[in-house]
Amino acid sequence: MERTVSINKAINAQEVAVKEKHARTCILGTHHEKGAQTFWSVVNRLPLSGNAVLCWKFCHVFHKLLRDGHSNVLKDSMRYKNELSDMSRMWGHLSEGYGQLCSIYLKLLRTKMEFHTKNPRFPGNLQMSDRQLDEAGENDVNNFFQLTVEMFDYLECELNLFQTVFSSLDMSRSVSVTAAGQCRLAPLIQVILDCSHLYDYTVKLLFKLHSCLPADTLQGHRDRFLEQFRKLKDLFYRSSNLQYFKRLIQIPQLPENPPNFLRASALSEHISPVVVIPAEASSPDSEPITDLVEMDAASQSLFDNKFDDIFGSSFSCDPFNFNSQNGMNKDDKDRLIEQLYGEITALKEELENFKAESARGAVQLRGRASELEAELAEQQHLKQQAQDESEFLRAELEELKKQREDTEKAQRSLTEIERRAQANEQRYSKLKEKYSELVQNHADLLRKNAEATKQITVARQAQGDVEREKKELEDSFQRVSEQAQRKSQEQAEVLETLKRELAASRQELQVLQGTLESSTQAGAEQNTRIASLEQERARLNQAAEQHWDKMAALQAELQQLRDTFSREQESSRTELEMLRTQLRDKESTERVLQQRLAEEQLSLLQGTTHEAERMVQDALARMEDPAHISCTGSADCLLSQALAASECADQLQDAHSKYLADGAAVGSLLPCLALFAHLVSSTLLQGSATSHVAPVEPADRECCPGPGLGLLELCKQCGSETVSYLSALRDPGMVATADCSLVTACLGQISAIGEELRPRGLDVKQEELGDLVDKEMAATATAIETASARIEEMLSKSRAGDTGVKLEVNERILGSCTGLMQAIRVLVLASKDLQREIVESGRGAASPKEFYAKNSRWTEGLISASKAVGWGATVMVDAADLVVQGKGTFEELMVCSREIAASTAQLVAASKVKADKDSANLCKLQQASRGVTQATASVVASTKAGKSQVEEKGNMDFSSMTLTQIKRQEMDSQVRVLELENQLQKERQKLGELRKKHYELAGVAEGWEEDAAD
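The rules behind each value
Residues numbered from 1 in each chain as written. Predicted model: local features only at pLDDT ≥ 70, side-chain atom pairs only at ≥ 80, totals over all residues. Heavy atoms only, no water. Helix = DSSP H or I, 4+ residues; strand = E, 2+ residues; numbered from the N terminus. Buried < 20%, exposed > 50% of the residue type's maximum accessible area, 1.4 Å probe, protein only. Contact = heavy atoms within 4.5 Å. Areas by Shrake-Rupley, 256 points an atom, 1.4 Å probe, with all protein chains shown as cover. Axes fitted to C-alpha atoms, helices over the stretch in contact; angles between N-to-C directions. Parallel < 35°, antiparallel > 145°, perpendicular 65-115°, else oblique. Left-handed = near helix turned anticlockwise from the far one by under 90°. Core = buried A, V, L, I, M, F, W, Y, C linked by side-chain atoms within 4.5 Å. Polar contact = N/O pair within 3.5 Å; in protein donor to acceptor, adjacent residues only side chain to side chain. Lys, Arg positive; Asp, Glu negative; His and termini not counted. Salt bridge = Lys/Arg side-chain N within 4 Å of Asp/Glu carboxyl O. Nonpolar A, V, L, I, M, F, W, Y, C, P; charged D, E, K, R; others polar. Patch = residues over 30% accessible without salt bridge, like charges linked within 9 Å, V, L, I, M, F, W, Y side chains within 5 Å. Charge placed at Lys NZ, Arg CZ, Asp CG, Glu CD. Phe/Tyr/Trp six-rings, centres within 6.5 Å; stacked < 30°, edge-to-face > 60°. Lys NZ or Arg CZ within 6 Å of the ring centre and 35° of its normal. Disulfide = S-S within 2.5 Å. Expected span 1.5 Å × (residues − 1). pLDDT = per-residue confidence, 0-100.

Draft legend 1. View of the overall build of the chain. Across its full length, the chain carries 30 helices and zero strands. Expressed as a percentage of its 1014 residues, the buried residues of the chain come to 36%. A sequence separation of at least 24 residues applies to 79% of the contacts in the chain between residues at least 6 apart. Carbon together with sulfur atoms contributes 52% to the accessible area of the chain, which is approximately 59500 Å² in total.

The following block contains the structure:
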């Protein structure tokens, strides 16, 4: 129970440092229970995600437990590592206050937990001897290398927290003596202790690595160490200057220069930084002890102040008015005292109730604010998750593309493996053929050996037969000799027969001797032949053994190739199946993505088509608007708009064809759709405005032998055809059959009528157009300069001759007219610059005159627009002069200014037809056009204001009139209104007739009737 109370007292929402006695109780509790179960059971009930100060103090206490608590604190805390990471990401969304501090501190604690988990030999407080440090690396250079990298990461997190805390403090004030500053600085004591040990171990490990590895391999380690050395040195220096740390901890100072790791003897110069915590240092968060007398004096002073607030300072000096109540008896004084004490008690109760309610309201408001902050953080976290998910999907798409490329590479590698397999099969076939040939040669050699052995056996048998025959002949000769000697005596008569037999025997003996000699010679030859056959047999046996050895080696190589081929074939088959599976998955994913992309593209196309259709329908609706009937336009502007719309329609048709051929080419179709709708809408409105001022014959006669529609009806037909075409594009079933030819035909007919309605005064030679453009622009500039000079002259005359309201009105009107002239001058200069850019970018190798001649319609539009601007400036100056003199009307001046605005709009439209949309001069021209519009509005506003000011001055004073006189004046005003309305109607009819007559006369003068007859 005591540990739970200490944890709750140590981790609270007050922005003060954690009290040392509560933190010490928490540390002793972990050693008592040999773990941190109690700590985490209490912490899990705290709203760490809703209060940043609470989370910051939790991090401080948890850091102390990891350093000085029981060794099982790390094991018990590892299950909460993911929750700490989520809390770190959540607090990272808050950029003010303790949000970033909590995020970085939680990241540091997680890094510390991971470091001690990977390196269990390191205790929580990082205090180790050199021998223990060597044992931690197990005398393996790879382990030392990895351990150094992990220490760099650990120290980087410590330094990040250090810098973030310092950057969050206002160092221009003594923040270390305030409770809020001490709350932020207190955890840095643990950070300083960790950094000193990590710096010492990093230096020693780097010297050890440089003694085992080349210097180039450790270049990255040295660079990272130098960066952290500079940061740590600066932070130690800044910390040692703070009053808060001077009485709590003695911070070491690092050397002026970093250690030279390339010199092994520099290790002896290294001095380990030692952080000293004085034993007698009092805790910064110890509770102050106040003298009871001072507490009583303070409470008495507080009571006196409250008493003064309630009854006044003069009453508190003599609260019961004893000095003025000498005649009052004691009972009355006692009652008054009791009454006042009762009122004081009631006021105290009310004050306490008010304080309690205020505290409850503050707690509720703080809770609500915390809930709103948590909700805001959660929403930001969800937003970040959505962004991360979007980035993940985008990365997944890129990964799929890469996997597709990898699949293609794998297919190519599979093809290479198959080719190598075929080459191995061919090599195997060749080896098999060579093996068959060797087997055949070996069989032939065996047959030859068998034949030689058989021949030797036959020769030996023949030699044995000859020797046996010789022996038998010798035995037979001996027997015959003995018989002859015996029978010579016994048989004389047979002597001759014996002699003949003897001669025959001798002859036969000679034959046998010759045969024996030939047999002996044949035996010698057979022996020689047998010896040669034996040698050949030995040679053949040796060759056969060599062939057997070669055949065994080839068989082993063949078996090895068979095993390799089977393994490669098996791995290729497995890889092929895996690649086929991946390819099928990728194809299915790609099909899903392509289907989703097609759906999104179709939705985008439908949305764009819907907006374009709505734009055209809005233009058709504006044509029917009565307010649009008073709008007028020129045939040149109509012609330029119609030509631009026709070109855009051709581009749209090409983009439509590409989209039908390739559904992924919707990117080129969407811009064409938006531009097409805009240009068609502008053409329809310009055609409607032009039809209001066009003569009856060209505007309403039949334009083609079929429909027989006038300009206005033709614009309506073009709008309806455009809407039909856009509706077909929006329908997936009709997008392939959508045809833009009807819209193009209507635009062509509108262009033809616009060509007929163009004035014929610009029929000059094409080679003279370039000079005429420059002359007209110069004339326009001259007219504007002249008008500006006349306005200045009129303003001077008005100031000299007029006074009062008239002077004020004249100055306001002429000043606005001067502003309009200046805006028109800027517009004309911008138009000249843009025309020069258009000519330079479009003429190529041709001259400017040739470019103007080639683009004659555009040139004539420029000439007409510049003439209109100059004429409007002159007319407006005349109207202003009449107004100043009192002979003109304010309405005439407003009409002139609006006419100038229309003429400048025509000049802007004519200039921007061939301009690049990204041109800087075009932007200047559009800005100048907006300036003319604002100046025109200023002229109209000043004119209206002057008119109202003059009318207010001329109003009658009806205060002295009787009821009958007022009634009579009312009737006279109604009669005057009716007369003026009738006169206005007649003037409008007269204006229409004048316009018709004007176009009739202009047609006769410029040959419109002849052109119509032709």
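Draft legend 2. Looking closely at the packing of helix α4 (residues 52-68) against helix α6 (residues 81-91). In contact at an axis separation of 13 Å, α4 and α6 are set at 140 degrees when each is read in the N-to-C sense. In this view, α4 runs oblique relative to α6, as classed from their interaxial angle. Between α4 and α6 the crossing geometry is left-handed. Note on element contacts: α6 touches α4 through L84, M87 and W91, opposite A52, C55, F58 and F62.

Draft legend 3. Geometry of the nonpolar core. Ranked by internal contacts, the top residues of the largest apolar core, which has 96 residues, are I11, F39, F58, F62, F122 and F245. Here the element with the most residues in this core is helix α11 (residues 188-210); it accounts for 14 residues. Look past the residues within four positions of I11 in its chain and what remains in contact with it is F39, V43, L46, L54, K57, F58 and V61. Listed in part, the 44 residues of the second largest apolar core include L605, M623, A649 and V743.

Draft legend 4. The arrangement of the side chain of S681 in detail. Within the element layout of this structure, S681 appears in helix α19 (residues 666-693). Within polar-contact distance, the side chain of S681 engages the backbone oxygen of A677 at 2.7 Å. Excluding residues that lie within four positions of it along the chain, S681 makes contacts with M615, V616 and A619.

Draft legend 5. Region of interest: the side chain of E150. Relative to the elements of secondary structure, E150 occurs in helix α9 (residues 141-167). Although buried, E150 forms no salt bridge, and the nearest oppositely charged side chain, K118, lies 4.4 Å from it. Apart from residues lying up to four places away in sequence, E150 is in contact with F115, K118 and N119.

Draft legend 6. Quick peek at the packing of α9 against helix α12 (residues 219-240). Between α9 and α12, whose axes approach to 10 Å, the crossing angle comes to 35 degrees. Note that α9 runs across α12; the crossing there is left-handed. Only H221, R224, F225, Q228, K231, L232, L235, F236, R238 and S239 of α12 make contact with α9, whose side of the interface consists of F145, T148, V149, F152, D153, L155, E156, L159, F162, Q163 and F166. By residue class, the composition of the contact of α9 with α12 is eleven nonpolar, five polar and five charged.

Draft legend 7. Local environment of unusual backbone geometry. The backbone of K34 shows a phi angle near 55 degrees, a positive value even though the residue is not glycine. Within the secondary structure, K34 sits in the loop between α2 (20-33) and α3 (37-43). Residue K34 is classed as exposed on the basis of its relative accessible area of 52%.

Draft legend 8. Structural context of the environment of L602. Secondary-structure assignment places L602 in helix α17 (residues 495-624). Judged by relative accessible area, which is 29%, L602 ranks as partly exposed. Taking C-alpha positions, L602 is 9.7 Å from D731, a pair spaced 129 residues apart along the chain. The residues touching L602, leaving out its near neighbours within four places in the chain, are Y659 and P732.

Draft legend 9. Up close: a negative patch on the surface. Together, E396, E399, E405, D406 and E408 give the surface a local cluster of negative charge. If you trace the backbone, D406 turns up in helix α16 (residues 330-490). For D406, a relative accessible area of 41% gives the class partly exposed.

Draft legend 10. Here's a closer look at the environment of N44. Here N44 lies in the loop between α3 and α4. If we skip the residues at most four places from it in the chain, N44 touches Y80 and E83.

Draft legend 11. How the structure looks around the packing of aromatic side chains. Counted under the stated rule, the structure contains 20 aromatic pairs. Where F58 meets F62, the ring centres are 5.8 Å apart and the plane angle is 5 degrees; that geometry is what we call stacked. Of this pair, F58 and F62 both sit in helix α4, separated by four residues, roughly a single helical turn. Using a relative accessible area of 0% as the deciding quantity, one classes F62 as buried. Taken together, F39, W40, F58, F62 and Y80 form an aromatic cluster joined through their ring pairs. The side chain of K208 reaches across the aromatic face of F144, ending 5.5 Å from its centre.

Draft legend 12. Representation of the state of the cysteines in the model. A complete count under the given rule lists zero disulfides for this structure. Distance from the sulfur of C746, which forms no disulfide, to the nearest cysteine sulfur (C718) is 5.1 Å. By relative accessible area, which is 4% here, C746 ends up buried.

Draft legend 13. Representation of α2 within the structure. Here α2 is 14 residues long and its end C-alpha atoms lie 20 Å apart, about the 20 Å a rise of 1.5 Å per residue gives. Packing partners of the buried residues in α2 comprise α1 (2-10), α4 and α5 (72-77). Looking one or two places after α2, you find K34, whose phi comes out positive at around 55 degrees.

Draft legend 14. Inspection of the pattern of salt bridges at higher detail. According to the stated counting rule, one finds 22 salt bridges in the structure shown. As a salt-bridge pair, D194 and R67 come within 2.4 Å of each other at their nearest N and O atoms. With D194 in helix α11 and R67 in helix α4, the pair connects residues that are 127 residues apart, well separated along the chain. You can call R67 buried: its relative accessible area is 6%. When the shortest N-O distance is used, the salt bridge between E613 and R730 registers 3.5 Å.

Draft legend 15. The environment of L742, seen in detail. Along the chain, L742 falls in helix α22 (residues 741-757). Assessed through its relative accessible area of 49%, L742 is described here as partly exposed.

Draft legend 16. Quick peek at the confidence of the model for the chain. On average, the chain scores 76 in pLDDT, and the residues at 70 or more come to 80%. Long-range and interchain partners of residues 280-328, a stretch whose pLDDT sits below 50, account for 45 contacts in this model, where long-range means more than four residues apart.

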